[in-house]
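Read off the chains here:
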Amino acid sequence: MKHLLARFAICLLLLLPVAAIARPALWVVRDANTTIYLFGTVHLLPNDTAWHYPALDQAMTDSQTLYIELTDDDPANMMALVLRYGMDMSHPLPTLLSHAEQLRLNIAANKAGVPGGMQTLNLMRPWLAALTLATAPLLKAGLDPEHGVDKQLKAQMTDAGKQVLGLETAEQQIRFLADMPRSVELAFLRSSIRDVDKGPIELTELIDAWKNGDVATIARLEDEDLRQSEPKLYERLLVQRNGIWAGKIAAMLQQPGTIFIAVGAAHLAGPDSVQAQLHKLGIDAVRQ
């Protein structure tokens, strides 16, 4: 799923860049003593993108705490985790693929502009090779994870002296992929090979959808595509994590205060979104 890819973009992780002026979607969950904002982010962003608007800025000002997906994604930690969970010297990637698949992967690597081409991919596990194929064109185009919305929100809250916490750790996030069965890993890689030509077209659609707060289009491009093509991956990366986060949000409602939660936009779209999982718990999120 594309939103997990951008996290690796510092050392190969995902997505949803934007351009021009944006007004992305914002939701709120309230009870008598607690207000929780839910905001969909994009992890790679051109540095000239304007995306703030008054209701969003007010929500940030009112919030005492920011939750993002993870806070321990500094390059050194991410690189160590990628080396630990993403490389496999004992089982070179070509030994897991047919000759025809190797040829297709080589073509895809060249199209995507993977630095080092097949020599780079050969030592990677399938899940990391898949993410590399997805992120390489974005990095080549100059999109910078350091300009991502979550990074900017974190800096804003830190500068204001407010608390910033992670819903997950970097290791937990990586292991959602690294602990997949080998068959699912390979299916993920094959899907990335097939889709390598679709990136620029889908990227334009995603840009427009995010900046316009078009949740239906985000769901169609991000969630529905993954659900249909790789249902086990969809279940693992979206449904399971959204359910866990909904449980954490329900627990947050037991304490008074105002909280701002910013996660990848795909998690707040579609029938298995965080909001849908909250609804199952008797908690309704209202679009602002």
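Scoring rules and cut-offs
Residues numbered from 1 in each chain as written. Predicted model: local features only at pLDDT ≥ 70, side-chain atom pairs only at ≥ 80, totals over all residues. Heavy atoms only, no water. pLDDT = per-residue confidence, 0-100. Contact = heavy atoms within 4.5 Å. Helix = DSSP H or I, 4+ residues; strand = E, 2+ residues; numbered from the N terminus. Buried < 20%, exposed > 50% of the residue type's maximum accessible area, 1.4 Å probe, protein only. Lys, Arg positive; Asp, Glu negative; His and termini not counted. Salt bridge = Lys/Arg side-chain N within 4 Å of Asp/Glu carboxyl O. Axes fitted to C-alpha atoms, helices over the stretch in contact; angles between N-to-C directions. Parallel < 35°, antiparallel > 145°, perpendicular 65-115°, else oblique. Left-handed = near helix turned anticlockwise from the far one by under 90°. Nonpolar A, V, L, I, M, F, W, Y, C, P; charged D, E, K, R; others polar. Core = buried A, V, L, I, M, F, W, Y, C linked by side-chain atoms within 4.5 Å. 1 Å grid on protein atoms, 1.4 Å probe; cavity = no way out; pocket = protein on both sides within 12 Å on 5 of 7 lines; lining within 4 Å. Points joined across faces, edges and corners; volume = space filled by probe spheres on them. Phe/Tyr/Trp six-rings, centres within 6.5 Å; stacked < 30°, edge-to-face > 60°. Pairing = 2+ DSSP bridges.

1. A look at the confidence of the model for the protein chain
Put simply, the protein chain has an average pLDDT of 88, and 88% of its residues get 70 or more. Confidence over residues 5-20 falls short of pLDDT 50; this stretch has 89 contacts with residues more than four positions distant or in other chains.

2. A closer look at the side chain of D223
Mapped onto the secondary structure, D223 falls in helix α11 (residues 215-229). One buried charged residue, D223, forms no salt bridge at all, with the nearest opposite charge on R227 at 9.0 Å. When neighbours within four sequence positions are excluded, D223 is seen to be in contact with I218, Y234, L238, A266, A269 and G270.

3. Considerations on the packing of helix α4 (residues 99-112) against helix α9 (residues 182-194)
Two elements in contact, α4 and α9, have axes separated by 9 Å at closest approach and are oriented at 50 degrees. When the axis of α4 is compared with that of α9, the two are oblique. Here α4 runs over α9; the crossing is left-handed. Contact residues: E101, R104, L105 and A108 in α4; L189, R190 and I193 in α9. For the contact of α4 with α9, the residue count by class is 4 nonpolar, no polar and 3 charged.

4. Things to note about the pattern of salt bridges
For side chains of opposite charge, pairing can occur when their charged atoms come near one another. Under the criterion given, the structure shown has 10 salt bridges. Its salt-bridge partner being R241, residue E69 comes within 3.4 Å of it at the nearest N-O pair. Placement of the pair is E69 in the loop between β3 (65-68) and α3 (75-86) and R241 in helix α12 (residues 231-252), with a sequence separation of 172 residues. For E69, a relative accessible area of 2% translates into the label buried. Across the pair E168 and R241 runs a salt bridge, and its minimum N-O distance is 2.9 Å. Pair noted here: E168 is in the loop between β4 (163-166) and α8 (170-178) and R241 is in helix α12, with a separation of 73 residues, a long-range link. For R241, a relative accessible area of 1% corresponds to the buried category. Counted as one network, the salt bridges with shared partners bring together E69, E168 and R241.

5. Let's talk about the nonpolar core
In this structure, I36, L38, F39, L153, W210, F260 and I261 are the most contacted members of the largest nonpolar core, which totals 46 residues. Other than its neighbours up to four places away in sequence, L153 contacts F39, T41, W51, M60, L66, F260 and A262. Listed in part, the 41 residues of the second largest apolar core include L70, L133, A170 and Y234.

6. Overview of empty space enclosed by the protein
One simple way to see leftover space: roll a probe sized like a water molecule over the atoms. Applying the stated criterion across every chain, the model contains 2 cavities of 30 Å³ or more. What the largest cavity holds in volume is close to 80 Å³. Along its surface, the largest cavity is lined by 13 residues, and A25, W27, V215, I218 and A265 are the ones closest to its centre. Broken down by secondary-structure element, the contributors of at least two residues to the lining of the largest cavity are α10 (199-211) and α11.

7. Some points on the packing of aromatic side chains
Using the criterion set out here, one finds 3 aromatic pairs in the structure. Ring geometry for F39 and W51: centres 6.2 Å apart, planes at 25 degrees, overall stacked. Remark: W51 occurs in the loop between β2 (34-41) and α2 (54-62) and F39 occurs in strand β2; sequence separation between them is 12 residues. Both residues of the pair, F39 and W51, count as buried. Measuring from centroid to centroid gives 5.8 Å for F39 and F260, while their planes differ by 55 degrees, and the two rings are tilted.

8. Regarding the sheet that holds β2
With mixed pairing, 6 strands are arranged side by side in an open sheet as β4-β3-β5-β2-β1-β6. For this open sheet the edge positions go to β4 and β6 (286-287), each flanked by a neighbour on one side alone. Looking at chain direction, strand β1 (residues 26-30) and β2 are connected through 5 bridges and run antiparallel. From the neighbouring strand, V29 faces β2, where its bridge partner is I36.

9. Things to note about the environment of T217
Tracing the chain through its elements places T217 in helix α11. Since its relative accessible area comes to 16%, T217 is described here as buried. Sequence-wise, T217 and A269 are 52 residues apart; in three dimensions their C-alpha atoms are separated by 8.8 Å.

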